[in-house]
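# Results of the structural survey
Chain by chain, the residues run as shown.
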Amino acid sequence: MSIEKNKSWQFDNTYIKLPFSFYKKQLPTPISAPQVAVFNESLAKELGLAFLIGDNKRIAEELSGNLIPNGSDPIAQAYAGHQFGHFTMLGDGRAILLGEVLNSNGKRVDIQLKGAGQTPYSRRGDGRATLRSMLREYIISEAMHHLGIPTSRSLAVISTADPVYRQHVHSGAVLTRVMSSHIRVGTFEYARQFGSGEDLKALAAYTIERHYPSIANAENPAIELLRAILEKQTDLVLEWLRVGFIHGVMNTDNVGLACETYDYGPCAFMNAYHPKTVFSSIDTNGRYAFENQPFIAHWNVSVLAGALLPLIDDQQEKAIAIAQEVLNEFEPRFIDKYFEMMLGKIGLSGVSVANKEILSSLLQWMEKNEMDYTDTFYSLVNDSILEDSPSIKIANPDWYQRWESACENQAGGRTLAHELMKKSNPVFIPRNHAVEYALDMAESGNYQPFYELLNATSKPYEFNLLYRPLMRVPPQHDQQYVTYCGT
Ligand code: AMP
Ligand code: MG
């Protein structure tokens, strides 16, 4: 028997069964000279696409949109969204959904080409993406996956000879994004604002069946959907806080109902700890700053609540009251889980006043001294690896002593502390300078640093001497570091 079960694509498309207003049929616009820049073999195997491995011509043709694989029924999805707090109509302006496939666990995922050409929702955009930004998305999304954080995945980047015009002329590319679905808070806003009551109902039923089948028979499925999203979004943002990730553009169109991280535009990882860190060129008011992310997630879920109101209750007043009650569950739940997560980073398991005080004095000290977020926590796991970073034991002995005795005095002692810290604190994250260097080199045709970074971040919790240089941040690097949308 052949090891490969599937020799060709096995699409099983369900989104196109929704009312027509949720999408427009749209073929990708071919690109010239498609070439495989990167291909994710292990993801291909997971998706039953092992037959593509080694066939670069086919990968380049099919994952650029030049050749439509059998069973694909390409569409651009309609959605709206609140961008920096303002409602607007959007839709897939440069992404085209090839269709859905079932992965090796029977889980349904979307296969989407990003940068595949104009669609009815492109407005004034060219439908294209730069090679640099697609490689950036590839590396950061894969790093997030290996950190254990729910995220879209990247299957391939296909480069083209067609130039892309932004402020300068760039090389272009198409990224294959794989995600549990592309249903967004913005999809619900679109249905509520521009669709009929039946459209909204169909979207909610579809979303529940696809992502939350256990609530389908609940007394009030819409309110249970809201609760599920509130909880999963909170958990997702807690994961970002754990690793120092700043999404950068948490608009409601970039918040998925499957609660995975996606839309890797102006995102970045924080080096020196500062709760107000922002890298995005357009986030001048710090709306999406590191520490604001949980509150923005709550705001975004409140927008979802607004869209769901007619499904929660026929009487608007009553629907608002019921939704508000669920939204009020956010704060106490977030605070509990925040301390549990952050105390895990310093190896303490009990959320007590004394432990919280140990945590907050560490964070204050880190902020004041601009300590590296990743290295400081990792130094509690293994001090000797970070021989050239300041050790907390020496730099802050008072705190260190208090912390050490709290670890020793807890049930489970130091062993438990070590276990907790090891799984909470990565040693390798895609550092901004390393990402930019890898991209500079890739743009000039040398992919070695790109693969090195990919390898280091594919085992983020294991120290590897080989990749030690990727942990060092050039002094002052982040002070000028700016990230961009829509590139
Ligand atoms: P984003 O900031 O990536 O969430 O994108 C916001 C909206 O702009 C979405 O509707 C995108 O499809 C659209 N968009 C971004 N870049 C382009 C482009 N180059 N051409 C057409 N639409 C775009
Ligand atoms: Mg987006």
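Conventions and cut-offs
- Along every chain, residues carry numbers that run from 1 in the direction the sequence is written.
- Chain letters start at A and ligand numbers start at 1, both assigned in the order the entries are written.
- Under the rules for a predicted model, residues below a pLDDT of 70 receive no local features and side-chain atom pairs below 80 are neither given nor counted, while totals for whole chains, interfaces and linings still include all residues.
- Excluded from the side-chain calculations are hydrogens and water; all other atoms, namely the structure's heavy atoms, are used.
- Helix numbers and strand numbers start at the N terminus; a helix is a DSSP run of H or I with at least 4 residues, a strand a run of E with at least 2.
- The globule rule used here is 2.2 Å times the number of residues to the 0.38 power, and the radius of gyration it is set against is calculated over C-alpha atoms.
- The buried label goes to any residue with under 20% of its type's maximum accessible area, the exposed label to any with over 50%, and the partly exposed label to all in between, with areas taken from a 1.4 Å probe on protein chains only.
- Working rule for contacts: check all heavy atoms of both residues, and any pair within 4.5 Å makes them a contact.
- The protein chains shown are the only cover counted for residues, whose accessible areas, like all others here, come from Shrake-Rupley with a 1.4 Å probe.
- Note on definitions. A residue lies near a molecule or strand when any single heavy atom of the residue is within 4 Å of it.
- Identification of polar contacts relies on pairs of N or O atoms within 3.5 Å, with a donor-acceptor requirement for protein atoms, meaning one able to donate a hydrogen and the other able to accept it, and with residues adjacent in sequence counted only if both atoms are side-chain atoms.
- The distinction between a cavity and a pocket rests on a 1 Å grid over the protein atoms alone: a 1.4 Å probe fits inside a cavity but cannot get out, while a pocket stays open yet meets protein on both sides within 12 Å along at least five of seven lines, and a residue with an atom within 4 Å of a point counts as lining.
- In this description, a molecule resides in a pocket or cavity if more than half of its atoms sit within 2 Å of the grid points defining it.
- Nonpolar residues are Ala, Val, Leu, Ile, Met, Phe, Trp, Tyr, Cys and Pro. Charged residues are Asp, Glu, Lys and Arg, and all others, Gly as well, are polar.
- Grid points are joined across faces, edges and corners, and a volume is the space filled by probe spheres set on the points.
- Domain segmentation is taken from an automatic or database assignment of domains.

The number of helices and strands found in the protein chain is 16 helices and 12 strands. Taking 23 Å as the expected radius of gyration for a compact globule of 487 residues, we find that the protein chain reaches 23 Å, a close match to that expectation. Dimensions of the protein chain along its principal axes, counting C-alpha atoms only, are 65 × 60 × 55 Å. Out of the 487 residues in the protein chain, the part that is buried amounts to 57%. Long-range contacts, defined as pairs at least 24 residues apart, comprise 71% of the intrachain contacts of the protein chain with a sequence gap of at least 6. Surface summary for the protein chain: the accessible area is close to 20700 Å², and the carbon and sulfur share equals 51%.

Around ligand 1, a shell composed of 17 residues is seen, among which Gly91, Gly93, Asp126, Gly127 and Asp263 lie nearest. Within the side chain of Arg166, a nitrogen or oxygen atom sits 3.3 Å from a nitrogen atom of ligand 1. When isolated, ligand 1 has an accessible area of 490 Å², and the protein chains bury 85% of it. In a pocket analysis with a 2 Å cut-off to the grid points, ligand 1 is assigned to the largest pocket. Of the residues belonging to the shell around ligand 1, the class tally is two nonpolar, seven polar and eight charged.

The next subject is the layout of surface pockets. By volume, the largest pocket is sized at about 1300 Å³. Considering the residues around the largest pocket, the lining is formed by 47 residues, among which Arg94, Tyr484, Cys485, Gly486 and Thr487 are closest to the centre. When residues of the lining of the largest pocket are assigned to their parent elements, the largest contribution, five residues, is made by helix H3 (residues 131-146). Considering only residue class, the lining of the largest pocket consists of 14 nonpolar, 17 polar and 16 charged.

This brings us to the domain arrangement of the protein chain. According to the domain assignment, the protein chain contains domain 1 (2-179) and domain 2 (338-424). Computed from C-alpha atoms alone, the centre-to-centre distance between domain 1 and domain 2 is 41 Å.

A separate point is empty space enclosed by the protein. If you walk through the whole model with that rule in mind, you get two cavities of 30 Å³ or more. In this model, the largest cavity occupies a volume close to 70 Å³. Along the walls of the largest cavity sit Gln233, Leu236, Val237, Trp240, His247, Met250, Asn254, Val255, Gly256, Glu260, Thr261 and Tyr262, which together make up its complete lining. Among the residues forming the lining of the largest cavity, the class breakdown is six nonpolar, five polar and one charged. Approximately 30 Å³ is the volume attributed to the second largest cavity. Lining of the second largest cavity is provided by Asn13, Tyr15, Ile16, Asp73, Ile75, Leu97, Gly99 and Glu100. Per element, the largest residue contribution to the lining of the second largest cavity is three residues, and it comes from strand S6 (residues 95-102). The class makeup of the residues in the lining of the second largest cavity is four nonpolar, two polar and two charged.

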